[in-house]
Amino acid sequence: MYKRTLLSLLLAVYCLILPNAVHAQSVTPEDKTNQIRDQLITNIASRVAQLKLVEKRGIIGVVTNATNTQITVNDSQNNTRFIDVDELTKFSNPDSEGSFGISDITNGTTIGILGLYNKESRRILARFVTVTTSPVIIHGGVTAVDNAAYAINVATEDGKQMTVDVENLTKTYSFTQETDYIKSGFSKIKENYNIIAIGALDKKNKDTLIATRIIFFPEIPSSPKINSALENVQKSK
Amino acid sequence: MKKEQFILYLIATLFGLLVAGIAFYLFQTAKTPSNNPTTTVSIASPTPTATPSISLKVDRPVDEEVVDNKVLTVSGKTQSNAVVTVITDSSSDVITPDASGNFSTTVNLDDGQNTLEVISIAPNGESMVIKKTVTYSQEDF
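Presented here is an overview of the structure given in this document. (Residues numbered from 1 in each chain as written. Chains lettered and ligands numbered in written order. Predicted model: local features only at pLDDT ≥ 70, side-chain atom pairs only at ≥ 80, totals over all residues.)

1. Some thoughts on the interface of chain B and chain A
Note the threshold: We call two residues in contact whenever the C-beta atoms placed from their backbones are within 7 Å. Helix and strand definitions follow DSSP, with helices as H or I runs of at least four residues and strands as E runs of at least two, each counted in order from the N terminus. Charged means Asp, Glu, Lys or Arg here, nonpolar means Ala, Val, Leu, Ile, Met, Phe, Trp, Tyr, Cys or Pro, and polar covers whatever is left, Gly included.
Taken residue by residue, the interface counts 35 residues in chain B and 39 residues in chain A. Of all the elements in the fold, those that place two or more residues in the side of chain B that touches chain A are helix H1 (2-30), strand E4 (83-87), strand E5 (92-95), strand E7 (112-121) and strand E8 (127-136) of chain B. The biggest single contributor to the side of chain B that touches chain A is H1(B), with eight residues. Looking at the side of chain B that touches chain A residue by residue, the class counts come to 16 nonpolar, 11 polar and eight charged.

Written out as structure tokens, the structure is:
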């Protein structure tokens, strides 16, 4: 009787404890294959993550500092960006005759950078650095038209007032729901029209834009924000 | 006989301990966190800001993208009654969005870096601008 009880108790303990231990100890070929497969998956995932960490990117920025190994720029979103430079980086300047290198890059120069962006360090390893010029785009409302001087006064939403010089080469376009986007002329521009002017700032006067393109919208008035911005500017003066 | 009895007691004790251990484990896992005295923290609601009358989202292209095709598709969403102007360094286009506010157009890129400016203008004159840099390059590095 005791023997039978003893046996049944032993059997119960065996059933409760031993199965896991037995499983843990015996390594079958299938388990080994699974281990190798898991290891391979981990390695591949790690390599893919590494590859995804770097991507091609191109930015435009104004140089704030330049050394032999690094250029610091302020990008178009006004963020400070750090650019690494190495022996493979190529420098160019369309306006430069002869060789052009890192030592020729000075603070305030606008450059285009094409390189490899590291998502972890957030730095770009430059492969191509080019001195570039981007057109200036102003958007606002027409406050005055000077027919004699072929100039337009434009006020922007941030309270700036600019003079837009219209040259012979300036292309003028207008947009209305009826006519769509068509070529137009300086004489069609009226006060309070919504306007976009694209060009370059006059070197002698930073408040004057020499326009290469003008797009105006006869059906759309100046932004209501412009008047309040102009009022605020006048109050602050 | 006594030896058998001793072994039996020993195994019974071990079994009892095992059952008690399992019961304790189950009790611990099923236990709910005790109710600590809570303090009510009032968070002041943010000052409401004026809702902008115009919204603009440019889905394509992605900022700082490098492409190997000179023809670039620009697409996004704005107000359905707005006028969208897409300006690059050398070209510009004015389009109107569909009834859902979606818009799409193509522009030609110059070599190297291109500044792309998308301006959405509402009928009342208010506008919203999104600026992106797109680089055309076929260089392999």
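2. Examining the environment of Ser134(A)
Formally: Residue burial is a threshold on neighbouring C-beta atoms within 10 Å of the residue's own C-beta, all placed from the backbone, with 20 or more meaning buried, 12 or fewer meaning exposed, and counts in between meaning partly exposed.
With respect to the helices and strands, Ser134(A) occurs in the loop between strand E6 (123-131) and strand E7 (136-146). Overall, the presence of 17 C-beta atoms within 10 Å leaves Ser134(A) in the partly exposed class. In the structure, Ser134(A) is positioned 65 residues away from Gly199(A) in sequence and 8.9 Å away in space, judged by C-alpha atoms. In contact with Ser134(A), other than residues within four places in its own chain, are Ile60(A), Thr110(A), Asp89(B) and Thr115(B).

3. Section: the sheet that holds E5(B)
All names here are of chain B. This is how the line gets drawn: In this analysis, strands are considered paired if DSSP registers two or more bridges between them. What counts as an axis is a line fitted to C-alpha atoms, over the stretch in contact for a helix, and the angles between N-to-C directions run from 0 to 180 degrees.
A sheet is described by the order of its strands in space; here five strands give the open sequence E2-E8-E7-E4-E5, paired in mixed fashion. Because the sheet does not close on itself, it has two edges, and the strands there are strand E2 (65-67) and E5. This sheet shows a mean twist of 25° between the axes of neighbouring strands, independent of strand direction. The sheet contact formed by E7 and E8 spans 10 bridges and is antiparallel. For Ser120, the partnering residue across the bridge sits in E8 and is Met128.

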